[in-house]
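# Structural features, examined
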Amino acid sequence: MDLQLTDTVAVVTGASRGLGRAAAEALAAEGAVGVGAAPSPGAQEEQAAGAGGRIHPVRCDMRDAAAVAGLTEAALERFGRLDCVVNNAGIAPAGAFLDQDLEVLATVVAVNVTAPAVLSQAAARCFVASGRGGSILNIGSTSSLKGKPLLAAYSASKGALARLTEALAAEWARHGIRVNMVAPGAFATEAQAQVLADEKMLAARLRKIPLRRMGEPAELGPLVCYLASPLAAFVTGSCFVIDGGEVSKL
């Protein structure tokens, strides 16, 4: 199926590893080009190579609102337009909230909520100015739907991202701007390294997933590409769960 993404220009945050890299590589494979936010020069080089050179890496601290907003300018300067944003970058520090420093909560909100809001606003202004509209895709989590123990800050932030997605979808639809969210469950990425390295911990984790396995990062790519494409022109304000059936049994 032709997703009509050739030469589409995207900005992907957290694009140097895990689900962000999978999203960037999938978009590049469909013919898109764009900017990928990466935390370090080494990660940038790896990311660019993985996407066949179609994703231009930019170093960005997601806690720096000005730098985050500047990702849209980076896309415009290099490619002359912007069509899509994938807000993927996120952090998930675990710990008992009873003992957790509230600075942790502030940092999680800055990266997981404020940064996507800032980038979405900057992108939407570009979309409105162009008159072509555009697509914004927020990468949430099953924690957007159900709060999880030892992940209070993360759960709160991803829940907020879900409501932000809905609000912006309703507000910006008249401008031809679509805003959706994907809610991944457990995927075999660096974020699950501790679980993957411990057989007992992994077995216990997989028992919670009806399909009895973690997702592979590449399995997220087709969904990201569809939602970014013109084929999803009537899809906005929606949340797509991709978790092997875990939420359905909770």
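Not measured: the values here are computed from a predicted model.

When its secondary structure is counted, the protein chain shows eight helices and seven strands. A compact globule built from 250 residues should have a C-alpha radius of gyration of about 18 Å, and the protein chain, at 17 Å, falls within 12% of that. Over its C-alpha atoms, taken along the principal directions, the protein chain stretches across nearly 50 × 40 × 40 Å. The long-range share in the protein chain, meaning contacts at least 24 apart out of those at least 6 apart in sequence, stands at 66%. Accessible area of the protein chain: about 11600 Å², with a carbon and sulfur share of 55%. Each charge sign in the protein chain was given a centre, from 22 positive and 23 negative side chains, and these centres are 5 Å apart.

Looking along a regular strand, one sees the side chains alternate between the two faces of the sheet. With eight of its eight residues buried, strand 6 (residues 177–184) lies for the most part within the structure. Burial of the side chains of strand 6 extends over both faces: Ile177, Val179, Met181 and Ala183 are buried on one face and Arg178, Asn180, Val182 and Pro184 on the other. Bridging between strand 5 (residues 134–139) and strand 6 involves six bridges; their strand directions are parallel. Paired with Leu137 across the bridge in strand 6 is Asn180. Remark: the strand 5/helix 5 (residues 152–172)/strand 6 crossover connection has right-handed handedness. In this structure, strand 6 lies alongside strand 7 (residues 239–242), joined through four bridges in parallel fashion. Bridge pairing links Val182 to Phe240 in strand 7.

Let's shift gears to the packing of helix 1 (residues 18–29) against helix 8 (residues 221–228). Contact geometry of helix 1 with helix 8 gives a least axis separation of 8 Å together with a crossing angle of 60 degrees. As summarised for this structure, helix 1 and helix 8 are arranged oblique, according to the angle between their axes. Classified by chirality, the crossing of helix 8 by helix 1 is right-handed. Contacts between helix 1 and helix 8 involve Ala22, Ala23, Ala26 and Leu27 from the former and Gly221, Val224, Cys225 and Ala228 from the latter. Its residues assigned to classes, the contact of helix 1 with helix 8 comprises seven nonpolar, one polar and no charged.

Another aspect to go through is unusual backbone geometry. For Gln4, which is not glycine, the phi torsion reads 60 degrees and is therefore positive. Mapping Gln4 onto the fold places it in the segment before strand 1 (9–12). Positive phi is not limited to glycine here, since Arg212 has a value of about 60 degrees. Classification of Arg212 as partly exposed rests on a relative accessible area of 49%.

Let us look at the pattern of salt bridges. Overall, the coordinates contain seven salt bridges when judged by the stated rule. Among the ionic pairs, Arg81 bridges to Asp83, the shortest N-O distance being 2.7 Å. Here Asp83 falls in the buried class, since its relative accessible area comes to 14%. The salt bridge partner of Glu246 is Arg205, with a shortest N-O separation of 3.0 Å. With a gap of 41 residues between them, Glu246 in the segment after strand 7 and Arg205 in helix 7 (residues 199–206) connect regions that are remote in the sequence. Looking at Glu246, the relative accessible area reads 8%, which means it is buried.

Calculation notes
- Residues numbered from 1 in each chain as written.
- Predicted model: local features only at pLDDT ≥ 70, side-chain atom pairs only at ≥ 80, totals over all residues.
- Heavy atoms only, no water.
- Helix = DSSP H or I, 4+ residues; strand = E, 2+ residues; numbered from the N terminus.
- Rg over C-alpha atoms; globule rule 2.2 N^0.38 Å.
- Contact = heavy atoms within 4.5 Å.
- Areas by Shrake-Rupley, 256 points an atom, 1.4 Å probe, with all protein chains shown as cover.
- Lys, Arg positive; Asp, Glu negative; His and termini not counted.
- Charge placed at Lys NZ, Arg CZ, Asp CG, Glu CD.
- Buried < 20%, exposed > 50% of the residue type's maximum accessible area, 1.4 Å probe, protein only.
- Pairing = 2+ DSSP bridges.
- Right-handed = clockwise from strand over helix to strand, strands pointing away.
- Axes fitted to C-alpha atoms, helices over the stretch in contact; angles between N-to-C directions.
- Parallel < 35°, antiparallel > 145°, perpendicular 65-115°, else oblique.
- Left-handed = near helix turned anticlockwise from the far one by under 90°.
- Nonpolar A, V, L, I, M, F, W, Y, C, P; charged D, E, K, R; others polar.
- Salt bridge = Lys/Arg side-chain N within 4 Å of Asp/Glu carboxyl O.

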